[in-house]
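# Understanding the architecture of this molecule
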Amino acid sequence: MDRLANTVRPYAWGSTTALPELLGTAPTGEPQAEMWLGAHPGAPSRIDRGAGPVSLAEVIDAAPEAELGADTVRAFGTRLPFLLKLLAAGSPLSLQVHPDRTQAAEGFADEERRGIPIDAGHRNYKDANHKPELIVALTPFDGLCGFRHPAQAADLLEGLGVDDLKPYVDILRASPEEDALREVLTAVLSAEHHAIAGTVERASVAAEQLAARGGPHADAYAAYAVLAHHYPGDPGVLAAMLLNHVQLQPGEALFLGAGIPHAYLGGLGVELMANSDNVLRCGLTPKHVDVPELLRVVRFEAGDAGVLRPEDVNGEEVYETPIDEFRLSRFVAAPGAAPHALPSRTPQILLCTAGRVWLREAGAGVGAGAGAEAVAGDGAGLALAPGESVFVPAGERITLTGDGTLFRATVVA
């Protein structure tokens, strides 16, 4: 196994304190939004097998079957099919959706044919892959996920007492579910900016006042008021009011499948996704919003946000999703407990988020011995503190002991 050196991305929405507190480092005063763990070309992790640091992506490219295993290569190709992140939101992220495989392939091919540079600001598709994702809260975590039922959205909008919103309320009450959600979202995102900005401002003032009074929608109104504070006049604030407001407790999770509009508002979490960078934005951003393409991708289906809790499978707490490219689980190690053997058929990234855990190989000869802290006993091993991580190639047998929490990212075997 190889200890990982990972890159922290300083996006403007990042928290200035959450990642430093987890990692035990001094805050820099700058936002620290995401720490990437994996082999994504945008910020691959680095390992050292004795000849100096090298990109994990390069290591896998040089010997994909040795690192990923023949089964993984056969199923997903020669790249690590997932990307693991620590995500620390200090302010709201953009409201967004991700395409399914077919939409991504078609969109990528179309933009390639039209010669749109891959780094162009108006480019929608950076690759041909889908980007489902899973977020697990490490702290209380605030977000938006999926459409409310139209009647519930109508009640929320009507409660603001803003006359400009009455046409949207009427549509949400009178039209079939899919038609109602599509028509209102289209109207909001297609409106002239100067016309919609005033409506957003009036709705935001009302939301802040209602949040202060309390009541059944107080938490949701407070969240929308915060959005308006960060993005004054942005039509995405009204689009957000169509979505479920979710407050996760530590250990709870959300799965975001293709076409599901969502946004993270605040908190620290572990995020796992397919190895893609395809994002279509609905608002709450100064970046490009392609309304026609967005409407092609969005699934206009209402329902609960679907909060996930892990299911125990022989001591491994698994977050079940319908995706094969990734599988996320959690181990909570206790002092004095017997070593827990981790499955070894697939490649995996192991991340400690609390306490201290010890990883030991079943046999001698650890690849990342340079800089590793030895663990007493048979075989070589590493000790991990919060924020520390390792890559384990397919076929290497690892046991876990200690007093802490370890997340395991891998593929479905």
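Position numbers for residues start from 1 in each chain and track the written sequence from start to end. Only residues with pLDDT of 70 or above have their local features reported here, since the model is predicted, and side-chain atom pairs are shown and tallied only from 80 upward, although totals for entire chains, interfaces and linings are computed over all residues. With hydrogens and water set aside, each side-chain value is computed from the structure's full complement of heavy atoms.

### Quick notes on the overall build of the protein
Assigned secondary structure in the protein consists of 12 helices and 21 strands. Restricting the calculation to C-alpha atoms gives the radius of gyration, and the globule rule supplies 2.2 Å times the number of residues raised to the power 0.38. Taken over C-alpha atoms, the radius of gyration comes to 23 Å for the protein, in line with the 22 Å a tight globule of 413 residues would show. Along the longest, intermediate and shortest principal axes, the C-alpha atoms of the protein span 70 × 50 × 40 Å. Relative to its full complement of 413 residues, the protein shows a buried share of 55%. Residues count as neighbours in contact if any of their non-hydrogen atoms are within 4.5 Å of one another. In the protein, the share of contacts with a sequence separation of at least 24, taken over all contacts with a separation of at least 6, comes to 77%. When the accessible surface of the protein is summed, it comes to about 16900 Å², and 51% of that surface belongs to carbon and sulfur atoms. The positive charge centre, built from 31 side chains, and the negative charge centre, built from 53, are 3 Å apart in the protein. For the purposes of this entry, the term helix denotes a DSSP run of H or I that reaches at least four residues, the term strand denotes a run of E that reaches at least two, and both are numbered from the N terminus. Think of it in three bands: with a 1.4 Å probe and only protein chains considered, a residue is buried below 20% of the maximum accessible area for its type, exposed above 50%, and partly exposed in between. We get accessible surface area from the Shrake-Rupley algorithm with a probe of 1.4 Å; when it comes to residues, only the shown protein chains can shield them. Counted as positive: Lys and Arg. Counted as negative: Asp and Glu, with His and the chain ends omitted from the count. Charge positions come from single atoms, namely NZ of Lys, CZ of Arg, CG of Asp or CD of Glu.

### With respect to the state of the cysteines
Where two cysteines share a covalent bond between their sulfur atoms, that bond is called a disulfide. Disulfides are defined in this document as cysteine sulfur pairs within 2.5 Å. Overall, the coordinates contain zero disulfides when judged by the stated rule. Left unpaired, Cys145 is separated from the closest cysteine sulfur, that of Cys282, by 12 Å.

### A short note on the confidence of the model for the protein
For every residue, the predictor assigns a confidence score, pLDDT, that lies between 0 and 100. Within the protein, residue pLDDT values average 92, and 96% of them lie at 70 or more. Of the regions scoring below 50 in pLDDT, residues 364–378 engages in 36 contacts with residues more than four places distant in sequence or in other chains.

### Topic: the packing of helix α7 (residues 166–174) against helix α8 (residues 177–190)
It is at 8 Å that the axes of α7 and α8 come closest, and there the two elements cross at 160°. On the basis of the axis angle, α7 is roughly antiparallel to α8. The element α7 and its partner α8 pack so that their crossing is right-handed. Across the interface between the two elements, Tyr168, Ile171 and Leu172 of α7 pack against Ala180, Leu181, Glu183, Val184, Ala187 and Val188 of α8. Comment: axis = line fitted to C-alpha atoms, over the contacting stretch for helices; angle = value between 0 and 180 degrees taken between N-to-C directions. When an angle is under 35 degrees it counts as roughly parallel; over 145 it counts as roughly antiparallel; between 65 and 115 it counts as roughly perpendicular; any other value is oblique. It is the rotation of the near helix from the far one that decides the hand of a crossing: anticlockwise by less than a right angle makes it left-handed, clockwise makes it right-handed.

### Comments concerning the pattern of salt bridges
Salt bridges are identified by distance alone: a Lys or Arg side-chain nitrogen within 4 Å of an Asp or Glu carboxyl oxygen. Under the criterion given, the structure shown has 23 salt bridges. When the shortest N-O distance is used, the salt bridge between Arg114 and Asp110 registers 2.9 Å. For Asp110, a relative accessible area of 28% translates into the label partly exposed. Between Arg408 and Glu316 there is a salt bridge; the shortest N-O distance is 3.0 Å. A residue pair is termed long-range when its members are at least 10 positions apart, and Arg408 in strand β21 (residues 398–410) and Glu316 in strand β15 (residues 316–319) qualify at 92 residues.

### What to know about the packing of helix α6 (residues 150–158) against α7
Remark: α6 packs on α7, axes separated minimally by 8 Å, with the N-to-C direction vectors making an angle of 160°. In terms of orientation, α6 lies roughly antiparallel with respect to α7. Of the two elements, α6 crosses α7, and the hand of that crossing is left-handed. Within the contact between the two elements, α6 uses Pro150, Ala151, Ala153, Ala154, Asp155, Leu157 and Glu158 and α7 uses Tyr168, Val169, Leu172 and Arg173. Among the residues forming the contact of α6 with α7, the class breakdown is eight nonpolar, no polar and three charged. Note on residue categories: nonpolar means Ala, Val, Leu, Ile, Met, Phe, Trp, Tyr, Cys or Pro, charged means Asp, Glu, Lys or Arg, and polar means any other residue, Gly included.

### Some words on the side chain of Asn278
Here Asn278 is to be found in the loop between β12 (262–274) and β13 (280–283). With a relative accessible area of 0%, Asn278 lands in the buried category. In the analysis that follows, any N or O atom pair within 3.5 Å is treated as a polar contact, provided that within protein one partner can donate a hydrogen and the other can accept it, and provided that, for residues neighboring in sequence, both atoms belong to side chains. Within polar-contact distance, the side chain of Asn278 engages the side chain of Asp127 at 2.8 Å. Apart from the residues lying within four places of it in its own chain, the contact partners of Asn278 are His98, Pro99, Ala104, Asn124, Tyr125, Lys126, Asp127, Ala128, Asn129 and Lys131.

### Comments concerning unusual backbone geometry
The backbone phi angle of Leu284 is positive, close to 60°, even though this residue is not glycine. Of note, Leu284 is situated in the loop between β13 and α12 (291–297). By relative accessible area, Leu284 is classed as buried at 1%. One non-glycine residue, Asn314, lies in positive phi territory at about 55°. Residue position: Asn314 is located in the loop between β14 (311–313) and β15. For Asn314, a relative accessible area of 69% gives the class exposed.

### What to know about the packing of aromatic side chains
Within 6.5 Å between ring centres, the rings of Phe, Tyr and Trp (the latter by its six-membered ring) count as paired, and their orientation is classed by plane angle as stacked under 30 degrees, edge-to-face over 60, tilted in between. Taken as a whole, this structure holds three aromatic pairs when the rule is applied. Residues Tyr11 and Trp13 carry aromatic rings whose centres are separated by 5.8 Å and whose planes lie at 35° to one another, so their mutual orientation is tilted. Given the relative accessible area of 29%, Tyr11 is considered partly exposed. Measuring from ring centre to ring centre gives 5.5 Å for Phe141 and Tyr264, while their planes differ by 75°; the resulting arrangement is edge-to-face. Taken together, the positions of Phe141 in strand β9 (residues 141–147) and Tyr264 in strand β12 put the pair 123 residues apart, joining distant regions of the chain. Residue Phe141 shares its accessibility class with Tyr264, and that shared class is buried.

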